[in-house]
Amino acid sequence: MKKDFLWWRDGIIYQIYPRSFADSNNDGVGDLPGIIGKLDYLQDLGVDAIWLSPIYPSPDVDYGYDVADYKDIDPQFGTMQDFEVLVKEAKKRAIHIIMDLVLNHTSDQHPWFIEAKKSRDNPYHDWYLWKNPKPNGGPPNNWQAVFGGPAWEYIPELDQYYYHMFFKEQPDLNWRNPQVREAMLDVFRFWLNKGVDGFRLDVFNAYFKDPEFKDNPPQIGIRPFDWQKHIFDVSQPEMYPLLGEIRAIMDTKKNTYVVGETFLADPEQTASYCGDDKLHAAFNFNFAENRWHPKRFLRSAQQWYNALSDDAWPNNFLSNHDMHRTATRFCLDEDDRRAKVAAAMLLTLQGTPFIYYGEEIGLRDIPIRRKGDVKDPVGKPFWPFFKGRDGCRAPMHWSPKENAGFSTTNPWLPVHKNYLKRNVETQTADPDSLLNLFKQLIRIRKAEPALQRGDFIPVFEDPQYLLAFFRTYEDQQVLVVLNFSSRELLFDRPEGNWSALFGAEPPETGQLTILPFDIRLLKKTA
Ligand code: NOJ
C-alpha cells in the first residue's frame, strides 16, 4: 500500500446494518461482538472503514434512527466495553469506524423530549420545534411527514403542535437553539474521543427549517409528501456555517471523515455541502438510483464530478439500508453477471466506493409477502404499493448452515431462501464468485493509484452497451471497459502498449473483442 494512502479517499467503505450482520449471542439480532468476529473477513475483503448504522439506545420505531441517548450503546447490540473492543480490534486491522449520527431528530423517548413535552416553560421545551395551532385549531402549516400524514403532532396539554419530518416518534430538534447546537457538537467530540474516525450524518440538510415556517408551494406528486415543493422544510442557508463548525471539530483529529446524507437534493446542491470547510463528502443518490444503462451511469458520474469543487472528493454507492439491493434491481433471478459489472463499475470509478453489507455476495432483497410480516413501520401505511425497507435489511449469509450462519435462533427478519448457495463460505470456495471478484478488484484498486485517486476521462464508444473510461494519475493510465449487455462487441484499442490488470490480455493490434458482460481493466505499459 502506498505511503500516502488516505483511508477515506483511497480506501473502501463498508456499511454494516448491525441488526443483520452477525449475531454472537443467538438472540436473532446482530450485535457488536458479532461484528468483531467478522473483522478478519472484512480485512480480507479489503475494507478500510465500516459505517455502522445506529447502535445507540433506541425504542426502534425506525430501527435505531430514533435515538434515545447519543452517548451510549443499545444493550441489544452490546455494551460500551464491546464498542471499545471493536474500535481496538478494528484499528489493529487498519479498519476505521464511521458512526451514524442522527441529529435532525431524537426519539420521543429521549429524556430531552420527555422534558420538552412537560410544559411550555420547561428548559427543554425550546429544544424542539413547537408552534401554536392555527386559529381553526389546525396544524401551523402544510408540511407533510416523509413517512405519511401531516408533519405536526398536537399535544393537548400544551395546546401546541411539534414538528416531525419522519414518524411522530421522531420529533425534530430546534437547531437554532444554541444549547441544542452545543449538545450535538458534543456528540461528535464524544465519539472522536472513543476512537471513531468518521461520521455519516443522517438527513443533515434538514436540520434547519424556514424560521417563519412558511407553507411549501404545491406540486404534482404521488404521495402527499410529494405534493409540495420542499423549499421551506429542508436545505436552509444556516447549514453552511454549521458545517464549518463540525469540520473544525473533525479537524482537531488527524484523518477524520464526515459524509452527509442529503435529503431531496440534486447533485449540485449535494456537492455544495462538500469541501475544505464543509463535509468531506455527501451521498449522490442520483447515481445510485440509475436504471441499468451505461449512459445513465456515465452521465450521473460526470454530473457529480463536475458539481464537486476541487477541494472535495467524490464517493459512489449503489445501495444502502433504504433502497432495494443492487442485485435485486439489476439481476435476473440468480444470475450475477450484472452484479459483477456493477461491482466493477463501483470499484473502478473515481470516488470512494461504499459497499452495503451483502452486496459482495449479491444478496437479494427478501420477498415481503404479508402485511403482518412487515417490520419496518413505513411498509404498513403504504401496503401493498410500498412494502417498506425490510427487503434489503435481512441477515447476512455467512454459510449454508441454519439461518445462513447468522444465528442459531430465528433471526428478526428471515434469511433469503437462496442462502444455501449464496453465502460467504460457498462463494469463498468458488473462484468465479461475485465475492472473489470483489476481492480481486479491491486488490487491483489498492495497487493502482490511478484507480484510487486518478482523474476520470470518459470514452464515448458504444454508450448504449459499454461504459468505458480512463483513470489517469501522473504518468499512469488505466482503461476500464465494462459491457452492460449480453452482446459481444468490438472496442477500438487505444494507442500505445496495454496489458491486462483484469480480464483477457488485449491483442497487440486491432480491436478488442468485448464478451457479454465483460470486465476489462487495461494498464498502459511503457
Ligand atoms: C434516513 C435514514 O437512512 C433512514 O433509514 C431513516 O428512516 C431516516 N433518515 C430518518 O432518520
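Preceding this section is the structure that the text describes.
Residues numbered from 1 in each chain as written. Predicted model: local features only at pLDDT ≥ 70, side-chain atom pairs only at ≥ 80, totals over all residues. Heavy atoms only, no water.

When helices and strands are counted, the protein chain shows 15 helices and 18 strands. Its C-alpha radius of gyration of 24 Å places the protein chain within 12% of the 24 Å reference for a compact globule of 526 residues. Expressed along its principal axes, the backbone C-alpha trace of the protein chain runs to roughly 80 × 50 × 45 Å. Considering the protein chain as a whole, with its 526 residues, one finds that 61% of them fall into the buried category. Across the protein chain, contacts joining residues at least 24 apart in sequence account for 66% of those joining residues at least 6 apart. Of the accessible surface of the protein chain, which amounts to about 20800 Å², a share of 51% is contributed by carbon and sulfur atoms. Both charge centroids of the protein chain, one from 62 positive and one from 74 negative side chains, sit 3 Å from each other. (Helix = DSSP H or I, 4+ residues; strand = E, 2+ residues; numbered from the N terminus. Rg over C-alpha atoms; globule rule 2.2 N^0.38 Å. Buried < 20%, exposed > 50% of the residue type's maximum accessible area, 1.4 Å probe, protein only. Contact = heavy atoms within 4.5 Å. Areas by Shrake-Rupley, 256 points an atom, 1.4 Å probe, with all protein chains shown as cover. Lys, Arg positive; Asp, Glu negative; His and termini not counted. Charge placed at Lys NZ, Arg CZ, Asp CG, Glu CD.)

Let's shift gears to the side chain of asparagine 122. The residue asparagine 122 is located in the loop between helix H5 (111-116) and strand S4 (130-131) in this model. Residue classification places asparagine 122 among the buried positions, given a relative accessible area of 11%. With residues up to four places along the chain from it excluded, the contact list for asparagine 122 reads Glu115 and Ala116.

Relative to the elements of secondary structure, serine 20 occurs in the loop between strand S1 (13-16) and helix H2 (32-37). Overall, the relative accessible area of 0% leaves serine 20 in the buried class. Along the chain, serine 20 and isoleucine 220 lie 200 residues apart, while their C-alpha atoms are 37 Å from each other. Not counting the four nearest positions on each side in its chain, serine 20 is found in contact with Gly30, Tyr357, Arg393, Ala394, Pro395, Met396, Phe406 and Trp412. A polar contact is formed between the side chain of serine 20 and the side chain of tryptophan 412, at a distance of 3.0 Å. (Polar contact = N/O pair within 3.5 Å; in protein donor to acceptor, adjacent residues only side chain to side chain.)

Take the site of the ligand next. If you check the shell around the ligand, you find 13 residues, and the closest are Asp62, Asp202, His321, Asp322 and Arg389. A distance of 2.5 Å separates an oxygen atom of the ligand from a polar atom in the side chain of aspartate 62. Within the contact set of the ligand, an oxygen atom lies 3.1 Å away from a side-chain nitrogen or oxygen of arginine 200. Out of a free accessible area of 290 Å², the ligand has 97% covered by protein chains. Considering only residue class, the shell around the ligand consists of 4 nonpolar, 2 polar and 7 charged. (Near = heavy atom within 4 Å. Nonpolar A, V, L, I, M, F, W, Y, C, P; charged D, E, K, R; others polar.)

On the surface, Arg291, Lys295, Arg296 and Arg299 cluster together to form a positively charged patch. Structurally, arginine 296 is set in helix H10 (residues 294-307). (Patch = residues over 30% accessible without salt bridge, like charges linked within 9 Å, V, L, I, M, F, W, Y side chains within 5 Å. Salt bridge = Lys/Arg side-chain N within 4 Å of Asp/Glu carboxyl O.)

One pair of aromatic rings is described through two measures. These are the centre distance and the angle between the planes. Scanning all chains against the criterion turns up 48 aromatic pairs. Seen from their ring centres, tryptophan 7 and tyrosine 257 are 5.7 Å apart, and the 75° between their planes marks the pair as edge-to-face. Of this pair, tryptophan 7 sits in helix H1 (residues 7-10) while tyrosine 257 sits in strand S8 (residues 257-260), and the two are 250 residues apart along the sequence. With respect to class, tryptophan 7 is no different from tyrosine 257; both count as buried. Measuring from ring centre to ring centre gives 4.8 Å for tyrosine 356 and tyrosine 357, while their planes differ by 70°; the resulting arrangement is edge-to-face. Taken together, the ring pairs in this structure connect Tyr56, Tyr70, Phe83, Trp112, Tyr124, Trp127, Phe190 and Trp191 into an aromatic cluster. Note that arginine 19 overlies the ring of tryptophan 412, its terminal NZ or CZ placed 4.5 Å from the centroid. One residue, arginine 329, lies across the ring of phenylalanine 330, its end atom 4.9 Å from the ring centre. (Phe/Tyr/Trp six-rings, centres within 6.5 Å; stacked < 30°, edge-to-face > 60°. Lys NZ or Arg CZ within 6 Å of the ring centre and 35° of its normal.)

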